[in-house]
Every structure is written in structure tokens, then in C-alpha cells.
Amino acid sequence: MNAHESTLRTAVKGVAIFEALKGIAALLGLFGLLSLLHHDLHRLVADFIGHFGYSASSHYPDLLLHWVDTIVGTPQLTLISIGCAYIALRWTEAWGLWHDKAWGEWFGALSSGVYIPLEVHHIMIERHWQGVAILALNIVLMLILLWRLRDRKRPRIAPLTQTSHADRPTRSTGR
């Protein structure tokens, strides 16, 4: 393995770790959400927003409260199913990337690439550095995986080895 392949393989393993961490974060978030569903989540979030001095009627706090109300109105089995499916997808992708599987690289490139048009649309509506950073991260992740897939398609050329004079074939002069 040359230095380029080694660096690219290390980058792919980094993507695998990142995807596994996203799965862990989703699992912890799901547990946290399920533990809060037996409380008045709307009031907890409104108090949290007020604690930081924001008005609940401002754009982002209002948007957050809307999503909290949507989540509270969703059946628990649906929340658990969606959460588990997301976690399984992240960990499956991470396993495939870690174990150098081409399907893991395709899966990762597609799962990063599917968000790019949505993120571009979001940036065009609301320009924030966070959106640009997320877009850039997804583009970098997708390019790493596509680069690795491209390198998989290239034929491997065996390195030239030095042969000694005794190993070389002799020419017949025909005499």
C-alpha cells in the first residue's frame, strides 16, 4: 500500500468513526427523548428558552416549540422505530467503512450526497456559517468516499523488481 492509499484508508476510517459517533449520539438522544416524554415537554422547552432570555415567540424558539409539539404528538413506537432505523443505518455504514467494503463507501457517499441539495437550498434561504460548515463537511465526506471508490476501480500495477543477471533469460543465437 502506497502513501496515498494509506492516507485515503485512514480518512475512510475517520469517516467510519464519525458515522459510528452519529449513531451513538442518536441512541443517547433517543433515550433522552423517551425519558422526557412523560413530562410536559412543551413547558420544559419554553422554560429552557426563557432561561436564556429569549422570547418563545421569536423565530427559532417558536420553531423549536413547534417541533417539540410535533414530537410529543407522535406515537412512541413510531419515534422508537425511526430512531432505531437511523441508528442501524449509521452503524451499518460505519461497519462497512471500517472493514473496507465497497458497499460501505457507496452507502456513505450516497448518504452524504443526499443532503447536499437540501443544504444548498437551506443556505440560499437563510445564510448562516453553520449551514455552510455542514454543507462543506458533507461534501468533504462524499469526496473522500468517491475518491476511495475511484481508486478501487484502478488496476493495481505490480511494482517493478530488480532481477539479477543470472535470472535474466539468455538469448539464443541459433548457432
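All figures in this text were calculated on a predicted structure; none of them were measured in a lab.

Novice: Can you lay out the side chain of glutamate 119 for me, pointing to particular residues and giving the numbers?
Specialist: Relative to the helices and strands, glutamate 119 resides in helix α6 (residues 116-125). Despite its burial, glutamate 119 pairs with no opposite charge; the closest candidate is lysine 22, at 8.5 Å N-O. With residues up to four places along the chain from it excluded, the contact list for glutamate 119 reads Ile134, Leu135 and Asn138.

Novice: A description of unusual backbone geometry should follow, citing residues and the corresponding values.
Specialist: Most peptide bonds adopt trans geometry, and most residues besides glycine take a negative phi value. Within the chain, aspartate 100 stands out as a residue other than glycine whose phi angle is a positive 60°. Inspection of the secondary structure assignment puts aspartate 100 in the loop between α4 (76-98) and α5 (102-113). On the basis of relative accessibility, which here comes to 29%, the residue aspartate 100 falls in the partly exposed class.

Novice: Lay out the pattern of salt bridges in plain terms, naming residues and giving numbers.
Specialist: Once their charged atoms are close, side chains differing in charge can pair, the charge on each being opposite to the other. Taken as a whole and assessed by the stated rule, the structure comprises 10 salt bridges. The salt bridge partner of arginine 9 is aspartate 100, with a shortest N-O separation of 3.7 Å. You can see arginine 9 sitting in helix α1 (residues 3-36) and its partner aspartate 100 sitting in the loop between α4 and α5, a full 91 residues away along the chain. The exposure class assigned to arginine 9 is buried, which follows from its relative accessible area of 10%. Note that glutamate 19 is salt-bridged to lysine 22, the shortest N-O span being 3.3 Å. In this pair, glutamate 19 and lysine 22 both sit in helix α1, three residues apart, roughly one turn of the helix. Accessibility expressed as a relative area gives 24% for lysine 22, which makes it partly exposed. Here the salt bridges do not stand alone but share partners, grouping Arg9, Asp100, Glu105, Arg148 and Arg152 into one network.

Novice: Can you break down the environment of alanine 11 residue by residue, with the values?
Specialist: One can find alanine 11 in helix α1. Sequence separation of alanine 11 and leucine 141 is 130 residues, and the distance between their C-alpha atoms is 9.0 Å.

Novice: Mind laying out empty space enclosed by the protein, listing which residues take part and the relevant values?
Specialist: If a probe as big as a water molecule is rolled over the atoms, it shows which places are left empty. All told, the structure shown has one cavity of 30 Å³ or more when counted by the stated rule. Considering only enclosed or pocket space, the largest cavity measures out at about 40 Å³ in volume. Secondary structure elements with two or more residues in the lining of the largest cavity: α1, α4 and α5.

Novice: Before we move on, can you summarise helix α3 (residues 59-72) with the specific residues and values?
Specialist: Each turn of an α-helix holds 3.6 residues, which means side chains three or four residues apart point in the same direction. Here α3 contains 14 residues, and its C-alpha end-to-end distance of 20 Å stays within 8% of the 20 Å for a straight helix at 1.5 Å per residue. Taken as a whole, α3 has its buried residues at Pro61, Leu65 and Val68. The buried residues of α3 all sit within an arc of 60° when viewed along its axis, so they share a single face. Where the residues of α3 are buried, they touch α2 (41-51).

Rules used in this analysis
- Residues numbered from 1 in each chain as written.
- Predicted model: local features only at pLDDT ≥ 70, side-chain atom pairs only at ≥ 80, totals over all residues.
- Heavy atoms only, no water.
- Helix = DSSP H or I, 4+ residues; strand = E, 2+ residues; numbered from the N terminus.
- Buried < 20%, exposed > 50% of the residue type's maximum accessible area, 1.4 Å probe, protein only.
- Lys, Arg positive; Asp, Glu negative; His and termini not counted.
- Salt bridge = Lys/Arg side-chain N within 4 Å of Asp/Glu carboxyl O.
- Contact = heavy atoms within 4.5 Å.
- 1 Å grid on protein atoms, 1.4 Å probe; cavity = no way out; pocket = protein on both sides within 12 Å on 5 of 7 lines; lining within 4 Å.
- Points joined across faces, edges and corners; volume = space filled by probe spheres on them.
- Expected span 1.5 Å × (residues − 1).
- Arc of directions from axis to C-beta.

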